[in-house]
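Each chain is listed here by its residues.
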Amino acid sequence: MLLSCWKRVVPLLAAAVLTAPGCKNPESAAPTGGQPASSAPAPQAPAAPAPSEPVAAPVDPAAAVSGIPGMDFSSLSPTAKRELATVFNDEFCYCGCPHTLGACLKSHTPCKHARRMAQQAARMVSEGSPATEVILSLSTYYAAFRDPRAQFKVDDRMCMGPLSAPVTVVEFSDFECPYCAKARPVLEAFAKKHAQQVRFCYLPFPLSMHPNARQAAQAALWARDQGKFWQMHDALFEHQSNLKPEAIAALATSLGLDGAKLAALLKTDAYKEELDGYRGQGRAAGISGTPAVYFNGRALDLSFVEAQMLTHSLEDELEWSANKNAWAAD
């Protein structure tokens, strides 16, 4: 299967059914075709009009998104307020209370889920997402907590953060993928900011569409064996526009490593078995492109690369794991 780059990086909630940014498989077109031809039905007399029923008063967007303790959505455009009001009135809170999201925000104020859901919904509608897309995203995101978790074999030398951290974030990445380069500083800053809670591990996933990706991954693994994985990791991303073998060897030299030795190694199949193993792990987990991120084995489809949403997902993961795969009672 040929894997390719995601299309764009935008701050949306992870949703597997939505188009996501990065190096990705082309989406197959849905089958098309009309219904089989058939004889037209005979004309029928128009049905008698049904008795009219009272029409519910339309929801006032301004009222629906105002009066929420500790939350202010006044900066949203009228269109965004209308979409957010629809989310608040149509979506239920995932805390388990019998309230819509809007009602939970106003009457169930201790609920942390409602506030996080509302913040994400507000970000999405401010970016132009319709209410239907926001609701689908929220549903997909929360459903992922109950899905089977992927299991990964990582190398401690390619991880930052303590082994005792309650959350392990695994990133599958390609050194020649431009979207991986954009995600890198956000993910690393997030891991460093939450250093006591997060162990961040890098797994190489070179894509065949990138001509120098496999050699760059070889170089990273070789540098790891010399005790300089993260230095080479950073250098490869910083010089992503030129990852030809001679350029990679020069990077090694600049890091105080033996560039000539690396140049010779890049002409071989060194690390083939290990790289194939990482790709196998990724494929088994259902990866369709890079970057691909997992929180304790829970897929987080990067339709966004945004610090606030990473923190949101960390808070949810900590709560879920602390309560033995359940949400805490408010």
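Computed from a prediction, not measured in an experiment: that's the story for all the values here.

(A) Main features of the sheet that holds strand β7 (residues 298–300). Spatial strand order, β2-β4-β3-β6-β7: five strands in an open sheet with mixed pairing. Whereas interior strands pair on both sides, the edge strands pair on one side only; in this sheet they are β2 (159–160) and β7. As judged from the two bridges shared by β2 and strand β4 (residues 198–204), these two strands associate in the antiparallel manner. Within β4, the residue paired with M160 across the bridge is F200. Its contacts with the sheet put helix α6 (residues 178–193) on β2, β3 (167–173), β4 and β6 (292–295), and the angle it makes with β4 is roughly 155 degrees. Contacting β3 and β4, helix α11 (residues 272–284) crosses the sheet at an angle of about 115 degrees to β4.

(B) Local environment of unusual backbone geometry. Along the chain, T290 connects to P291 via a cis peptide bond; the corresponding omega equals 0 degrees. Residue placement: P291 occurs in the loop between β5 (289–290) and β6. Positioned with a positive phi, Y271 is a non-glycine residue whose angle comes to about 70 degrees. Mapped onto the secondary structure, Y271 falls in the loop between α10 (259–265) and α11.

(C) View of helix α5 (residues 131–143). Taking 1.5 Å per residue as the helical rise, α5 with its 13 residues ought to reach 18 Å, and the 18 Å between its terminal C-alpha atoms agrees with that figure. Structurally, α5 contributes buried residues whose contacts are with α2 (78–90), α4 (112–126), β7 and α12 (307–322).

(D) Quick look at the side chain of H113. With respect to the helices and strands, H113 occurs in helix α4. A polar atom in the side chain of H113 sits 2.9 Å from the side chain of E319. Among residues more than four places away in sequence, those in contact with H113 are C93, C95, Y142, D316, E319 and W327.

(E) Molecular detail of the pattern of salt bridges. Taken as a whole and judged by the stated rule, the model has 16 salt bridges. R116 is the salt-bridge partner of D316, the closest N and O atoms lying 2.5 Å from each other. Here D316 is found in helix α12, whereas its partner R116 is found in helix α4, with 200 residues between them in sequence. Neither residue differs from the other here; D316 and R116 are each classed as buried. In this structure, the salt-bridge partner of E317 is R149, at a minimum N-O distance of 3.0 Å. A residue pair is termed long-range when its members are at least 10 positions apart, and E317 in helix α12 and R149 in the loop between α5 and β2 qualify at 168 residues. Classification of E317 as buried rests on a relative accessible area of 1%. Residues joined in a network through salt bridges with shared partners are D155, R157, R224, D225 and E274.

(F) Representation of the confidence of the model for the protein chain in the model. The predicted model of the protein chain has a mean per-residue pLDDT of 84, with 81% of residues at 70 or higher. A low-confidence stretch, residues 7–20 (pLDDT under 50), is modelled with 60 contacts involving residues beyond four sequence positions or located in other chains. Below pLDDT 50 for its whole length, residues 51–57 participates in zero contacts with residues either more than four positions away or in separate chains.

Cut-offs applied
Residues numbered from 1 in each chain as written. Predicted model: local features only at pLDDT ≥ 70, side-chain atom pairs only at ≥ 80, totals over all residues. Heavy atoms only, no water. Pairing = 2+ DSSP bridges. Helix = DSSP H or I, 4+ residues; strand = E, 2+ residues; numbered from the N terminus. Contact = heavy atoms within 4.5 Å. Axes fitted to C-alpha atoms, helices over the stretch in contact; angles between N-to-C directions. Expected span 1.5 Å × (residues − 1). Polar contact = N/O pair within 3.5 Å; in protein donor to acceptor, adjacent residues only side chain to side chain. Salt bridge = Lys/Arg side-chain N within 4 Å of Asp/Glu carboxyl O. Buried < 20%, exposed > 50% of the residue type's maximum accessible area, 1.4 Å probe, protein only. pLDDT = per-residue confidence, 0-100.

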